[in-house]
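What follows is the residue order along each chain.
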Amino acid sequence: QVPLVESGGGLVQAGGSLRLSCAASGLTFSSYAMAWFRQAPGKEREFVAVINWSGRFTYFTDSVKGRFTISRDNAKNTVYLQMNSLKPEDTAVYYCAARLGSGTYYTRVGEYYYWGQGTQVTVSS
């Protein structure tokens, strides 16, 4: 049973916005750092953003800084990725990931225990 389910992907024009959601179940959500990764065709999965258990600390890959924000609602067991000023190079399958820990700077695929099934984001030029 996959405890993470993403939603909110779709097709958008360059410059547009999307908000991804990731709902967790079967986890003590507030004990987990949550992250978003993405994988474009023919490329490795890459880190996008992470938020610590409380939501106080966040960290982004350089290419999305100033355009994407990550937030969480521990009462709803949900993490969000707000994506603004989207570019064609943001096109990818976006994955939600979770790991136990009180830190923030978990940026490697191997550091995460749970993964969602992914949601497609396509940005047209």
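Being a predicted model, the structure only gives us computed values, none of them experimental.

### Considering a nonpolar patch on the surface
Together, Leu100, Tyr113 and Tyr114 give the surface a local cluster of nonpolar side chains, amounting to about 290 Å² of exposed area. Examined against the element boundaries, Tyr113 turns out to sit in the loop between strand E9 (92-100) and strand E10 (114-115).

### Re the state of the cysteines
Here the structure, examined in full by the defined rule, presents one disulfide. In this model Cys22 forms its disulfide with Cys96; the gap between the sulfur atoms is 2.1 Å. Between Cys22 and Cys96, the S-S torsion sits near -80 degrees, and that sign places the bridge as left-handed. Here Cys22 is found in strand E3 (residues 18-24), whereas its partner Cys96 is found in strand E9, with 74 residues between them in sequence.

### A few points about the environment of Ser85
Counting through the fold element by element, Ser85 comes out in the loop between strand E8 (78-83) and E9. Considered as a pair, Ser85 and Val64 are 21 residues apart in the sequence and their alpha carbons are 9.5 Å apart. Ignoring any residue separated from it by four or fewer positions in sequence, one finds Ser85 in contact with Gly15, Gly16, Ser17, Arg67 and Asp90.

### A closer look at the sheet that holds E3
Strand pairing in a sheet takes place through backbone hydrogen bonds and is either antiparallel or parallel in direction. The strand order E1-E3-E8-E7 describes an open sheet built from four strands, whose pairing is antiparallel. Each end of this open sheet is capped by a strand with a single partner; those strands are strand E1 (4-7) and strand E7 (68-73). The average undirected angle you get between the axes of adjacent strands in this sheet is 15 degrees. Pairing geometry for E1 and E3, over four bridges, is antiparallel. Bridging from a neighbouring strand, Leu4 pairs with Ala24 of E3.

Scoring rules and cut-offs
- Residues numbered from 1 in each chain as written.
- Predicted model: local features only at pLDDT ≥ 70, side-chain atom pairs only at ≥ 80, totals over all residues.
- Heavy atoms only, no water.
- Patch = residues over 30% accessible without salt bridge, like charges linked within 9 Å, V, L, I, M, F, W, Y side chains within 5 Å.
- Areas by Shrake-Rupley, 256 points an atom, 1.4 Å probe, with all protein chains shown as cover.
- Salt bridge = Lys/Arg side-chain N within 4 Å of Asp/Glu carboxyl O.
- Helix = DSSP H or I, 4+ residues; strand = E, 2+ residues; numbered from the N terminus.
- Disulfide = S-S within 2.5 Å.
- Contact = heavy atoms within 4.5 Å.
- Pairing = 2+ DSSP bridges.
- Axes fitted to C-alpha atoms, helices over the stretch in contact; angles between N-to-C directions.

All we've got here are geometric facts, nothing functional implied.
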